[in-house]
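Read off the chains here:
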Amino acid sequence: MTKDEVLAIFRESGAILEGHFILSSGLRSPVFLQKARVFQYPERTEILCRALAELIRKADLGRIDYIVSPALGGIIPGYETARHLKVPAIWVEREGGEFRLRRFEMEKGARVIVVEDIVSTGLSSRETVEALKGMGAEVLACACLIDRSAGEANCGVPMIALAEYKVPAYPADALPPELAALPAVKPGSRGLA
């Protein structure tokens with residue numbers, strides 16, 4: 001699946017928004033990828049996640065025991081990707097500000113892939129990787145539908161991205177005038193609990 005094919009699914013879902021957005025990382029951007037608008041269509045989500053599962057297979061990482069995703073945004077693509085890889089899908093949730101497996105158990109030495117929806121800075125992926133390693137898991141790679149950093153994000157292990165789509169992002173105190181003139185909106189889920 002090409003980058004253009006991935007973005008076409010986001011466009012036909014009305015998921016590429018323009019304005020002034022506060023990203024989960026705290027950075028500001030004129031573009032927001034509202035993946036929930038894609039995930040409301042199971043057939044579109046299935047197409048994307050089947051292609052992501054195929055990329056993971058091609059990476060030839062050996063046995064995979066689990067797909068682990070950070071809640072909330074990673075749960076749907078993690079589940080659907082795991083379905084295509086025929087492995088269990090579990091997720092980490094924040095508890096006391098840190099990611100933990102609250103609803104699941106995982107044996108030490110489990111070989112896992114972290115699956116995300118959209119990666120901007122890699123913070124959620126990195127925190128997930130650190131939490132899993134702290135539980136004794138072997139994290140083989142991170143994977144995502146779209147890498148907004150175009151390969152710049154560091155999650156601490158290799159990254160497998162279905163598409164790279166570089167979108168500008170700025171610190172709040174360094175906005176270009178055209179972005180600063182627009183009201184800021186925070187459409188993501190981090191910090192809502």
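Note that the coordinates shown come from a computational prediction; the quantities given were computed from them, not determined experimentally.

(A) Up close: the overall build of the protein chain. Regarding its fold elements, the protein chain presents 6 helices and 8 strands. In the protein chain, the succession of helices and strands from N to C terminus is α-β-β-α-α-β-α-β-β-β-α-β-β-α. By the compact-globule yardstick of 16 Å for 193 residues, the protein chain fits well, its C-alpha radius of gyration being 16 Å. Expressed along its principal axes, the backbone C-alpha trace of the protein chain runs to roughly 50 × 35 × 25 Å. Considering only contacts within the protein chain whose residues lie at least 6 apart along the sequence, 64% involve residues at least 24 apart. As displayed, the protein chain offers around 9400 Å² of accessible surface, 52% of which is attributable to carbon and sulfur atoms.

(B) Local environment of the side chain of threonine 128. Along the chain, threonine 128 turns up in helix α5 (residues 123-134). For threonine 128, a relative accessible area of 0% translates into the label buried. Within the local environment of threonine 128, its side chain forms a polar contact with the backbone oxygen of serine 124, the two atoms lying 2.7 Å apart.

(C) Region of the structure containing the environment of alanine 36. By the element assignment, alanine 36 lies in helix α2 (residues 36-39). Taking the C-alpha atoms as reference points, alanine 36 and glutamate 5, separated by 31 residues in sequence, lie 18 Å from one another.

(D) Examining the packing of helix α1 (residues 3-12) against helix α3 (residues 42-58) more closely. Packing of α1 against α3 brings their axes to within 11 Å, and their N-to-C directions diverge by 160 degrees. With respect to each other, α1 and α3 are oriented roughly antiparallel. As for how α1 packs across α3, the hand of that crossing is left-handed. Residue-level inspection shows Val6, Ile9, Phe10 and Glu12 of α1 in contact with α3, the latter providing Arg44, Ile47 and Leu48. When grouped by side-chain class, the residues that make up the contact of α1 with α3 number 5 nonpolar, no polar and 2 charged.

(E) Structural view of the pattern of salt bridges. Inspection of the entire model under this criterion finds 14 salt bridges. The salt bridge involving glutamate 80 is made with arginine 83; its shortest N-O contact spans 2.5 Å. Of this pair, glutamate 80 and arginine 83 are both found in helix α4 (residues 75-85), 3 residues apart, which corresponds to roughly one turn of the helix. Residue class for arginine 83 comes out partly exposed when judged on its relative accessible area of 42%. Between glutamate 138 and arginine 111 there is a salt bridge whose closest N-O contact spans 3.3 Å. Placement of the pair is glutamate 138 in strand β7 (residues 138-147) and arginine 111 in strand β6 (residues 111-119), with a sequence separation of 27 residues.

The rules behind each value
Residues numbered from 1 in each chain as written. Predicted model: local features only at pLDDT ≥ 70, side-chain atom pairs only at ≥ 80, totals over all residues. Heavy atoms only, no water. Helix = DSSP H or I, 4+ residues; strand = E, 2+ residues; numbered from the N terminus. Rg over C-alpha atoms; globule rule 2.2 N^0.38 Å. Contact = heavy atoms within 4.5 Å. Areas by Shrake-Rupley, 256 points an atom, 1.4 Å probe, with all protein chains shown as cover. Buried < 20%, exposed > 50% of the residue type's maximum accessible area, 1.4 Å probe, protein only. Polar contact = N/O pair within 3.5 Å; in protein donor to acceptor, adjacent residues only side chain to side chain. Axes fitted to C-alpha atoms, helices over the stretch in contact; angles between N-to-C directions. Parallel < 35°, antiparallel > 145°, perpendicular 65-115°, else oblique. Left-handed = near helix turned anticlockwise from the far one by under 90°. Nonpolar A, V, L, I, M, F, W, Y, C, P; charged D, E, K, R; others polar. Salt bridge = Lys/Arg side-chain N within 4 Å of Asp/Glu carboxyl O.

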